[in-house]
Amino acid sequence: MVNFVLIGVCILAGMVFKETKSIHPDAHKGINTWILYLALPAVSFKYLPKVHWTLDMLFPIVATFLIAVFSVVFMLFYSKKKGYSRRSRSTMELTSGYSNTSFIGFPLISAFYGESLLSIAIICDQTMFLALSTLGIIAAVKGGSKSGKVSAKFILKRLITFPPLLGCIGALALSPFIDFSVAEPFFDKLAATVSPLALFSVGLQLKFNGWKKLIPQISTSMLYKLILAPAMVLGLALLFGVKGDVAKITIFEAAMPTVVTSSIIAEQFRLNTKLTNLIIGISIIVGFFTTAVWYEIINLIF
């Protein structure tokens, strides 16, 4: 409940500031820069050194990447059928393939399953973050290109200069040799700013005019994110005989609404930020109800 209130307050504050003209129209760009260059890399340094990699963790890693990959395939066929542009398709890939595994996922897992299972959720979150920093950026680069076609060299350049990905690589590469526990309070402070500032940025950019025309895209993205993605992970768990807490938490995390960071990337690469922000806002509200349903389904099967 606390997180739900915080979400509403952050988005509403952004909308109010935007309407009162008391903030610069491009203020969200400065906020996004802070998130990309400082806050998101800090998330990697906060969580990745604590992860204990075991064979059991292969399932959440594979499942998280498959959700992102299948969102590309799903949106490819859907966009072709509807005649959408590459820009719209990339926007929908970004809003459909990546879950809000931490800001909403962690509190809900603590509430439904207990804090002891957050270690599995952290694997899901960091894998999602890595997928967003690679596959998500590739989709965004292609969607932001006027021709929709970009060279592998250009994509690689954008990837290796994307600060959150550099943070991921740095945390993974350095954590075996350096003890980051001394700097943990510093990383905690930076990481804590991600969701509130990202939601405030969403509020600054949120526009409801013409939203009815976007209902097909919004509903399709949410259908994949909130229903098809967790159903696919459930099917994989049953197919490969994955049981217990690993299966439960991975499916539950897959059922989370759209990650707020997708708004930052959409703005950075000139995708459809209006559509992105609407999907984020609506999926968060609807997601609180659908995750409760998924909790019952998971408990019934496992």
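Treat the numbers as computed from the prediction; the structure is a model and nothing was measured.

**Quick look at the packing of aromatic side chains**
Here the structure, examined in full by the defined rule, presents 12 aromatic pairs. Plain terms: the ring middles of phenylalanine 74 and tyrosine 224 are 5.4 Å apart, the flat faces sit at 35° to each other, and that makes the pair tilted. Here phenylalanine 74, found in helix H3 (residues 58-82), pairs with tyrosine 224, found in helix H11 (residues 215-240); they are 150 residues apart in sequence, far enough to count as distant. Take phenylalanine 74: its relative accessible area is 28%, and that puts it in the partly exposed class. When the centroid spacing of 5.9 Å and the interplanar angle of 50° are considered together, the rings of phenylalanine 186 and phenylalanine 187 count as tilted.

**A closer look at the layout of surface pockets**
Reported here for the largest pocket is a volume of approximately 370 Å³. Forming the boundary of the largest pocket are 23 residues, of which Ser102, Phe103, Ala191, Val194 and Ser195 lie nearest the centre. Mapped by element, the contributors of at least two residues to the lining of the largest pocket are helix H2 (27-47), helix H6 (118-144), helix H9 (184-191) and helix H10 (194-205). Within the lining of the largest pocket, the residues separate by chemical class into 13 nonpolar, 7 polar and 3 charged. Computed from the structure, the second largest pocket encloses a volume of approximately 280 Å³. In terms of lining, the second largest pocket is formed by 15 residues, of which the most central are Lys18, Pro25, His28, Leu204 and Gln205.

**Brief notes about the pattern of salt bridges**
The final tally for this structure, using the stated rule, is 3 salt bridges. A salt bridge links arginine 86 to glutamate 93, with the nearest nitrogen and oxygen atoms 3.7 Å apart. Residue classification places arginine 86 among the partly exposed positions, given a relative accessible area of 21%.

**What about the environment of leucine 130?**
If you trace the backbone, leucine 130 turns up in helix H6. With relative accessibility at 27%, the residue leucine 130 sits in the partly exposed group. Separated by 86 residues in sequence, leucine 130 and serine 44 have C-alpha atoms that sit 9.5 Å apart.

**Focus: empty space enclosed by the protein**
In this structure the tally under the stated criterion is 1 cavity of 30 Å³ or more. Looking at the largest cavity, its volume works out to about 100 Å³. Looking at the lining of the largest cavity, the elements with two or more residues in it are H3, H6 and helix H12 (244-254). The element that contributes the greatest number of residues to the lining of the largest cavity is H3, accounting for 4 residues. Each residue belonging to the lining of the largest cavity can be placed in one class, and the counts come to 8 nonpolar, 5 polar and 1 charged.

**Some details on the nonpolar core**
Membership of the largest hydrophobic core comes to 94 residues, with the highest contact counts inside it found for Tyr98, Tyr113, Leu199, Phe252 and Ile265. Take this core: its biggest share by element is 11 residues, from H6. The contacts of phenylalanine 252, once residues within four sequence positions are left out, are Leu108, Ile109, Phe112, Tyr113, Thr291, Tyr295 and Ile298.

**Describing the confidence of the model for the chain**
With 97% of its residues at a pLDDT of at least 70, the chain reaches an overall mean of 87. Averaged over each element, pLDDT in the chain is lowest for helix H1 (residues 2-19) (73) and highest for H11 (96).

**Overview of the environment of alanine 292**
When you line up the elements, alanine 292 lands in helix H14 (residues 273-301). Taking the relative accessible area as the measure of exposure, alanine 292 reaches 29% and is therefore partly exposed. Put simply, alanine 292 and phenylalanine 112 are 180 residues apart on the chain and 8.9 Å apart in space, counted from C-alpha to C-alpha.

**Some points on the environment of threonine 64**
Within the secondary structure, threonine 64 is located in helix H3. We classify threonine 64 as buried; its relative accessible area is 11%. The spatial distance from the C-alpha of threonine 64 to the C-alpha of cysteine 124 is 6.6 Å, given a sequence separation of 60 residues. When residues no more than four places from it in sequence are discounted, the contact partners of threonine 64 are Cys124, Thr127 and Met128.

**Some remarks on H6**
Of all the bends in H6, the greatest measures close to 35° and is centred on leucine 132. Of all 27 residues in H6, 20 are buried; the element is thus mostly enclosed.

**Details of unusual backbone geometry**
Glycine aside, the phi torsion of most residues is negative, and most peptide linkages are trans. A positive phi is found at arginine 270, a non-glycine position, where the angle reads about 60°. As for its placement among the helices and strands, arginine 270 is situated in the loop between helix H13 (261-268) and H14. For arginine 270, a relative accessible area of 70% corresponds to the exposed category.

**Describing the side chain of asparagine 32**
Note that asparagine 32 resides in helix H2. Every residue in contact with asparagine 32, bar those within four places of it in the chain, is listed here: Ser201, Gln205, Ile264 and Glu267.

What counts, and at which threshold
- Residues numbered from 1 in each chain as written.
- Predicted model: local features only at pLDDT ≥ 70, side-chain atom pairs only at ≥ 80, totals over all residues.
- Heavy atoms only, no water.
- Phe/Tyr/Trp six-rings, centres within 6.5 Å; stacked < 30°, edge-to-face > 60°.
- Helix = DSSP H or I, 4+ residues; strand = E, 2+ residues; numbered from the N terminus.
- Buried < 20%, exposed > 50% of the residue type's maximum accessible area, 1.4 Å probe, protein only.
- 1 Å grid on protein atoms, 1.4 Å probe; cavity = no way out; pocket = protein on both sides within 12 Å on 5 of 7 lines; lining within 4 Å.
- Points joined across faces, edges and corners; volume = space filled by probe spheres on them.
- Nonpolar A, V, L, I, M, F, W, Y, C, P; charged D, E, K, R; others polar.
- Salt bridge = Lys/Arg side-chain N within 4 Å of Asp/Glu carboxyl O.
- Core = buried A, V, L, I, M, F, W, Y, C linked by side-chain atoms within 4.5 Å.
- Contact = heavy atoms within 4.5 Å.
- pLDDT = per-residue confidence, 0-100.
- Bend = angle between axes of the 7 residues up to and from the residue.

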